[in-house]
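# Descriptive structure summary
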Amino acid sequence: MLLLGLWVALVAQTSFAQTIASVRLAPPWLSSGVIYELFPRQFSPEGNLNGVTARLDELKDLGVTIVWLMPIHPIGEKLRKGTYGSPYAARDYHAVNPDYGTKDDLKRLVSEAHKRDLKIILDVVLLHTAWDNVLMAHPEFYKHDARGKIVPPVREWTDVAGLNHENPELRKYLTTMLKDWVTETDVDGFRCDTASMVPTSFWEEARAAL
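For the structure given in this document, a descriptive report is provided here.

### Digging into the packing of aromatic side chains
- Throughout the structure, instances matching the rule amount to two aromatic pairs.
- Taking 6.0 Å as the distance between ring centres and 70° as the angle between the ring planes, the aromatic pair formed by Y36 and F43 counts as edge-to-face.
- Residue classification places Y36 among the partly exposed positions, given a relative accessible area of 29%.
- The cationic tip of K119 hangs over the ring face of W29; the distance from NZ or CZ to the ring centre is 5.2 Å.

Below you can see the structure in the form of structure tokens.
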């Protein structure tokens, strides 16, 4: 029994060591970074991306190294909650909320951040979309109930529709979208909302592509 226990312990130790060796380590700028999350609408008097750019020196002086922008996409109007709606109910993954400015404004923000050795990461919400998202043209990209009706990912989240990550074409669309933001605007990465509710296999595919 003692020998069996020792053998099990050795196997467990070896397995643990192999697991540690296979772990992907975060880059130093992330693992040792100081992250500042901000809502562009409320961060400055302008309430837009240019307002964020104007305050980069303040963030730098605070010791911030990574600026996390809450979702910058246009906000859905159909079934929205409140008069403004939730920034986590995106209407178009490829667009910038016109209240915030343009992609050129984002490019300028990223460029100015990099001049100050700051990183910019975008908040992406890939579990669900607004009910008037452009992807509604592809109902097969969404989850359906037994009656064939598109449903939210969680019953109480009535302002959003759940995406079906079992659909390979949806995965391709989302991965391409993430790549486009990197190549077009030079952002440094993404904060992934409700990441644990999206299949890990999707994140693995997206990570490899990025």
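This is not the end of the story, as more comes after the structure.
### Overview of the sheet that holds strand β6 (residues 189-192)
- Here four strands make up an open sheet; going across it, the order is β1-β2-β3-β6 and the pairing parallel. A strand with exactly one partner marks an edge of an open sheet, and here the two such strands are β1 (35-38) and β6. Strand-to-strand, the axes of this sheet are offset by a mean angle of 30°, without reference to chain direction.
- Inspection of the sheet shows strand β2 (residues 66-69) paired to strand β3 (residues 119-124) by four bridges, in the parallel sense. Bridge assignment links L69 to a residue of β3, and that residue is L122.
- Sitting on the sheet, helix α6 (residues 103-115) is in contact with β2 and β3, with an inclination near 140° to β3.

### A closer look at the pairing of β2
- Every second residue of β2 is oriented toward a common face, with I66 and W68 on one face and V67 and L69 on the other, all of them buried.
- Relative to β2, β1 runs parallel, the two being bridged by four bridges. The residue bridging Y36 from the neighbouring strand is V67, located in β2.

Rules used in this analysis
- Residues numbered from 1 in each chain as written.
- Predicted model: local features only at pLDDT ≥ 70, side-chain atom pairs only at ≥ 80, totals over all residues.
- Heavy atoms only, no water.
- Phe/Tyr/Trp six-rings, centres within 6.5 Å; stacked < 30°, edge-to-face > 60°.
- Buried < 20%, exposed > 50% of the residue type's maximum accessible area, 1.4 Å probe, protein only.
- Lys NZ or Arg CZ within 6 Å of the ring centre and 35° of its normal.
- Pairing = 2+ DSSP bridges.
- Helix = DSSP H or I, 4+ residues; strand = E, 2+ residues; numbered from the N terminus.
- Axes fitted to C-alpha atoms, helices over the stretch in contact; angles between N-to-C directions.
- Contact = heavy atoms within 4.5 Å.

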